[in-house]
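Letter by letter, the chains look like this.
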Amino acid sequence: MKLALRLDDVGNFRRILGFIVSVRKHCYFKFGQEELTILSLDSDGPLISSTLTKANFTRYDVVSKSDVIMLELNIEPFYQVLRNYEKTPSTSELVVKLQRKDENPNANGNNSTNKRRSVFLSLSYNEDITVSTEIVHSFTIPINLVRGQLVEHLVIPEITKLHLVVDIPHDLGLLFSRIERYKATDSLNIVLNKLGEIKVELQDEAKRMSIKWKGYLTTFSPDDVDSQATGVNKQDRDNGDLNMIKETTVKVRSKWWINASKLIELGDALQMYIHEGGCILDCKLEHDRSASIIYCIPGKLLE
């Protein structure tokens with residue numbers, strides 16, 4: 001088994017881990033032959049699946065009998081290394097390797113059967129101090145190797161009964177910042193229709209509030225998505241019927257929805273899928289999907 005990576009631009013990697021660490025610190029790195037998939041999930045919270053293709057790396061070597069290497073780790077120290085690397089006048093690429101070392105729990109004994117091999121990620125880069133002097137920064141991050149059937153089971157859940165797809169513009173971040181004032185609210189309703197109108201309904205103490213976006217989002221029906229058709233335009237709105245103004249409402253936890261605001265700042269393009277089990281935000285950090293984040297928020301579709 002061998003894992004060896006090099007990067008001279010860690011921007012996409014750092015942005016992905018920065019978003020994940022705002023939700024939770026524990027996740028899985030799944031190194032395939034063509035891309036790295038980063039998964040973060042728990043029993044009842046949002047699922048995050050992020051992808052970095054090998055185009056983001058200057059070296060990407062993954063050697064394994066199964067062609068996959070999967071690691072479990074706390075990503076916070078990894079994220080801090082990426083941040084420091086970006087800020088440092090480094091003269092080298094960031095090097096990431098999977099390494100092992102022997103440990104002997106019985107320090108005074110010579111019995112080799114007591115030895116075990118710990119596994120960790122080694123990260124290193126060089127920093128210029130003067131013209132003739134440099135510092136080598138080295139870090140080790142403990143990890144667990146994930147083997148067997150768990151590798152195959154950690155996947156994005158299927159979308160059940162898709163109702164609506166909308167494009168999310170950067171300007172919609174103002175709607176999220178408005179909602180952040182009411183962080184004590186446990187849940188909220190996201191209300192949309194095919195005309196592209198969106199509002200958020202919430203209750204703050206004794207008050208019920210509805211915060212509405214004055215513009216229109218580009219919307220797609222499930223049939224549009226299957227056929228690659230274009231979204232609703234102004235003429236469609238002017239000729240709208242009752243089906244166009246019929247509202248689709250999904251209830252989600254407030255803190256999970258507020259976290260989604262960070263994706264608007266990160267992405268080159270962002271779409272939201274409303275389905276029976278909640279909503280999914282698909283964020284492309286690069287137009288060619290060489291770096292992307294899928295954020296699955298569990299919720300309940302209200303009739």
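Definitions and cut-offs
- Residues numbered from 1 in each chain as written.
- Predicted model: local features only at pLDDT ≥ 70, side-chain atom pairs only at ≥ 80, totals over all residues.
- Heavy atoms only, no water.
- Helix = DSSP H or I, 4+ residues; strand = E, 2+ residues; numbered from the N terminus.
- Contact = heavy atoms within 4.5 Å.
- Patch = residues over 30% accessible without salt bridge, like charges linked within 9 Å, V, L, I, M, F, W, Y side chains within 5 Å.
- Areas by Shrake-Rupley, 256 points an atom, 1.4 Å probe, with all protein chains shown as cover.
- Salt bridge = Lys/Arg side-chain N within 4 Å of Asp/Glu carboxyl O.
- Lys, Arg positive; Asp, Glu negative; His and termini not counted.
- Charge placed at Lys NZ, Arg CZ, Asp CG, Glu CD.
- Buried < 20%, exposed > 50% of the residue type's maximum accessible area, 1.4 Å probe, protein only.
- Phe/Tyr/Trp six-rings, centres within 6.5 Å; stacked < 30°, edge-to-face > 60°.
- Lys NZ or Arg CZ within 6 Å of the ring centre and 35° of its normal.
- Pairing = 2+ DSSP bridges.
- Axes fitted to C-alpha atoms, helices over the stretch in contact; angles between N-to-C directions.
- Parallel < 35°, antiparallel > 145°, perpendicular 65-115°, else oblique.
- Left-handed = near helix turned anticlockwise from the far one by under 90°.
- Nonpolar A, V, L, I, M, F, W, Y, C, P; charged D, E, K, R; others polar.
- Core = buried A, V, L, I, M, F, W, Y, C linked by side-chain atoms within 4.5 Å.
- Domains from an automatic or database assignment.

Observations regarding the environment of Gly-299
Item 1. Topologically, Gly-299 is positioned in strand E19 (residues 291-302).
Item 2. For the pair Gly-299 and Gly-45, spaced 254 residues apart in sequence, the C-alpha separation works out to 9.8 Å.
Item 3. Leave out the neighbours within four places in its chain, and Gly-299 touches Lys-251, Val-252, Glu-276, Gly-277 and Gly-278.

Section: a negative patch on the surface
Item 1. Together, Asp-8, Asp-9, Asp-268, Glu-286 and Asp-288 line one region of the surface with negative charge.
Item 2. Note that Asp-9 resides in the loop between strand E1 (2-7) and helix H1 (11-21).

As for the environment of Asp-282
Item 1. Inspection of the secondary structure assignment puts Asp-282 in strand E18 (residues 278-284).
Item 2. Take Asp-282: its relative accessible area is 15%, and that puts it in the buried class.
Item 3. Note: C-alpha distance between Asp-282 and Ile-168 (114 residues apart in sequence) is 9.8 Å.
Item 4. Not counting residues up to four positions away in its chain, the partners in contact with Asp-282 are Ala-269, Leu-270, Gln-271, Tyr-273, Arg-289, Ile-293 and Ile-294.

With respect to the packing of aromatic side chains
Item 1. Taken as a whole and assessed by the stated rule, the structure comprises nine aromatic pairs.
Item 2. Ring centres of Phe-57 and Tyr-60 lie 5.2 Å apart, and the angle between their planes is 50°; on these two criteria the pair is classed as tilted.
Item 3. In this structure Tyr-60 comes out as buried when scored by relative accessible area, which is 9%.
Item 4. Every member of this aromatic cluster is reached through a ring pair, and the members are Phe-13, Phe-29, Phe-31, Phe-57, Tyr-60 and Phe-78.
Item 5. The residue whose ring lies beneath Arg-253 is Trp-256, and the NZ or CZ to ring-centre distance is 5.1 Å.

Digging into the pattern of salt bridges
Item 1. By the definition in use, this model includes 11 salt bridges.
Item 2. Asp-61 is the partner of Arg-59 in a salt bridge, and the nearest nitrogen-oxygen pair spans 2.6 Å.
Item 3. Exposure remark for Arg-59: the relative accessible area of 28% places this residue in the partly exposed category.
Item 4. Judged by its relative accessible area of 25%, Asp-61 is partly exposed.
Item 5. Lys-161 is the salt-bridge partner of Glu-276, the closest N and O atoms lying 3.7 Å from each other. Here Glu-276 is found in the loop between strand E17 (269-275) and E18, whereas its partner Lys-161 is found in the loop between helix H3 (150-153) and strand E11 (164-167), with 115 residues between them in sequence.

Details of the pairing of E11
Looking down a regular strand, the side chains alternate between one sheet face and the other.
Item 1. The pairing of E11 with E17 spans four bridges and is antiparallel. Considered in E17, the bridge of Asp-167 is made with Gln-271.

What to know about the packing of H1 against helix H2 (residues 76-87)
Item 1. Following both chains from N to C, one finds H1 and H2 inclined at 140°, their axes separated by 9 Å at the closest point. In terms of orientation, H1 and H2 fall into the oblique class. Crossing handedness for the pair H1 and H2: left-handed. Here Gly-11, Phe-13, Arg-14, Leu-17, Gly-18 and Val-21 of H1 come into contact with H2, specifically with Glu-76, Phe-78, Tyr-79, Leu-82, Arg-83 and Glu-86.
Item 2. Across the contact of H1 with H2, the residue classes tally to six nonpolar, two polar and four charged.

Digging into unusual backbone geometry
Item 1. Residues other than glycine seldom take positive phi values, yet Asp-67 does so here, at roughly 65°.
Item 2. Relative to the helices and strands, Asp-67 is located in the loop between strand E5 (59-63) and strand E6 (69-74).
Item 3. Phi angles above zero are rare outside glycine, and Arg-289 is one such case at about 65°.
Item 4. You can see Arg-289 is positioned in the loop between E18 and E19.

As for the pairing of E17
Item 1. Among the seven residues that make up E17, five are buried, leaving the element largely enclosed by the rest of the structure.
Item 2. As judged from the seven bridges shared by E17 and E18, these two strands associate in the antiparallel manner. Residue pairing in the sheet places His-275 in a bridge with Gly-278 of E18.
Item 3. Hairpin connection, E17 to E18: the antiparallel pair is bridged by two residues.

Focus on the nonpolar core
Side chains that are nonpolar tend, in soluble globular proteins, to be buried together.
Item 1. Judged by nonpolar contacts, the single largest core of 76 residues is most densely connected at Phe-13, Phe-29, Phe-78, Leu-121 and Trp-257.
Item 2. No other element matches H1, which puts six residues into this core.
Item 3. Summarising the domain contributions, this core has at least three residues from each of domain 1 (2-151) and domain 2 (162-302).
Item 4. In this structure, Leu-47, Tyr-273, Ile-280 and Ile-294 belong to the second largest nonpolar core, which totals seven residues.

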